[in-house]
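Working through the structure, step by step
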Amino acid sequence: MRLALLAAAALVVLAASGAEAKRTLAPEAPYADFSPVVSPDGTRLAFLREGITPSRLVRYPSLYTAGADGRGAVALTKGSAQSSSNAQLGHFDEVTSASWSPDGSRLVYAHAFEGTRYDYPHYELVVVDADGTNALPLTTTDPTNSLFRAFSPSWSWARNQIVFAAGGQLWVINPDGSELTQLTNGASDSDPAWSPDGSKIAFVHGGNLAVRDVAGSSETVFVLPAAAPAWSPDGSMIVFSSKVNDNTDIYTVDADGGDPRRLTENPADDVTPSWAPDGKSILFASSRGRGTYNYDLWIMNADGSDQHLLVPRVAKRASNGRRCTITGTVAGDLLKGTDGADVLCGLAGGDRALGLAGNDVVDGGPERDVLDGGPGNDLVLARDHRKDTVRGGPGFDRARVDKGVDKVSGVEKLLP
């Protein structure tokens, strides 16, 4: 249904003029990197990063760009810090997704923010040059448009139109704010993605993968729990993430149906996949070897082979010299082991670390930590002159602690 009046669509489209130019910002250390998307010419990468501030606070997601190899990252936006003072004020500012323009010169991103606790949440689309200048608001959220909230934009390289989700429905709009079109009438449609030729849109309908023909309005719903679908460059397949048995992995499925193919199979979560423009590889985010809420960018072949970090991490070691297999950040992290023997390293920040099955090494690093060996014969390292909580579990556990300072329980042997 094409809408003649923007007011009827509960959407305010702003004039693309007079916006204040911005410069790129220095990058911050990553707490989590996710939602990678490669530019049409394959030379640039846009992604979201939860950065770590100099005071070791985690920042809400900001929009970053880098080379296609993930190096040379710069920030185009800066989310607000996840601080107690901002929480009391009711203030937050973040980017939730982004998409490249057909020529790779611009990006459209979803901007969510709230000024104070007396404000209402804003979810708006912004178009910005790829160098971070000329940020132009495309939509707005205010009481005059029934607090219309837009998110999950996808820019068609074939049609030069932007599809997005709002109010549980899908909408299409031109980059200049004209030709607003409502595509669906549902209440649970999200995560839209254009097919390469611009004829179809993959999206999530009621939690399942769906494909809609734009011209004919026909719609196919796959019985596949899905999030963040993306098309292969030739339009033959769709990649998506799916949570099964409390674990999220990456899958592909033929665009016309069939059985899904599981590309990743890891105890960690693998999320937000996207194709490289040449169709040979898929980028995604994974918490492998990291804390529960920490993600790195990974890349694999289109068939799921050769999965590896996009930018290799510098190897870290625990205070006993063992190489870390699960590594935190300089902020506070939640680290969980696997069923094998792990070396959990909490670096800095007030961490919580839990070794599950296996004979684990748990090292909290500086700051006050909560360290739990879990089942197995574990070694807990907590000698950092801070007051840590150290817990053993089933098995014969050893610990190196600050005697008289740390709170210790369930440990069979204290080491000198």
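Report on the accompanying structure. (Residues numbered from 1 in each chain as written. Predicted model: local features only at pLDDT ≥ 70, side-chain atom pairs only at ≥ 80, totals over all residues. Heavy atoms only, no water.)

Let us now look at the state of the cysteines. Counted under the stated rule, the structure contains 1 disulfide. In this model, Cys-324 is linked to Cys-345 through a disulfide, with the two sulfur atoms separated by 2.0 Å. Residues Cys-324 and Cys-345 are joined by a disulfide whose S-S torsion is about -95°; by sign, that bridge is left-handed. With Cys-324 in the loop between β26 (308-309) and β27 (326-327) and Cys-345 in strand β29 (residues 343-345), this pair connects stretches of sequence that are 21 residues apart. A single burial state applies to Cys-324 and to Cys-345, both of which are buried. (Disulfide = S-S within 2.5 Å. Helix = DSSP H or I, 4+ residues; strand = E, 2+ residues; numbered from the N terminus. Buried < 20%, exposed > 50% of the residue type's maximum accessible area, 1.4 Å probe, protein only.)

To continue, consider the sheet that holds strand β32 (residues 370-372). Taken together, the 5 strands give an open sheet; going across it, the order is β28-β30-β32-β34-β36, and neighbouring strands pair in parallel fashion. Of all the strands in the sheet, just β28 (334-336) and β36 (407-409) have a single pairing partner and so form its edges. Between one strand axis and the next, the sheet turns through 5° on average, direction left out of account. Pairing of β28 with strand β30 (residues 352-354), which is carried by 3 bridges, proceeds in the parallel orientation. Its bridge partner being in β30, Leu-334 is matched across the sheet by Arg-352. (Pairing = 2+ DSSP bridges. Axes fitted to C-alpha atoms, helices over the stretch in contact; angles between N-to-C directions.)

The next point concerns the environment of Ser-99. Tracing the backbone shows Ser-99 in strand β6 (residues 92-100). The buried category is assigned to Ser-99, whose relative accessible area is 10%. Along the backbone, Ser-99 and Val-37 are 62 residues apart, and their C-alpha atoms lie at a distance of 7.0 Å. With residues up to four places along the chain from it excluded, the contact list for Ser-99 reads Arg-106, Leu-107, Val-108, Pro-153, Ser-154 and Trp-155. (Contact = heavy atoms within 4.5 Å.)

Spatially, β23-β24-β25-β26 is the arrangement adopted by the 4 strands of the open sheet, whose pairing is antiparallel. Only two strands of the sheet have a single neighbouring strand rather than two, namely β23 (270-275) and β26. Across 4 bridges, β23 lies against strand β24 (residues 281-286) in antiparallel orientation. Across the sheet, the residue bridging to Ser-274 is Leu-283, located in β24.

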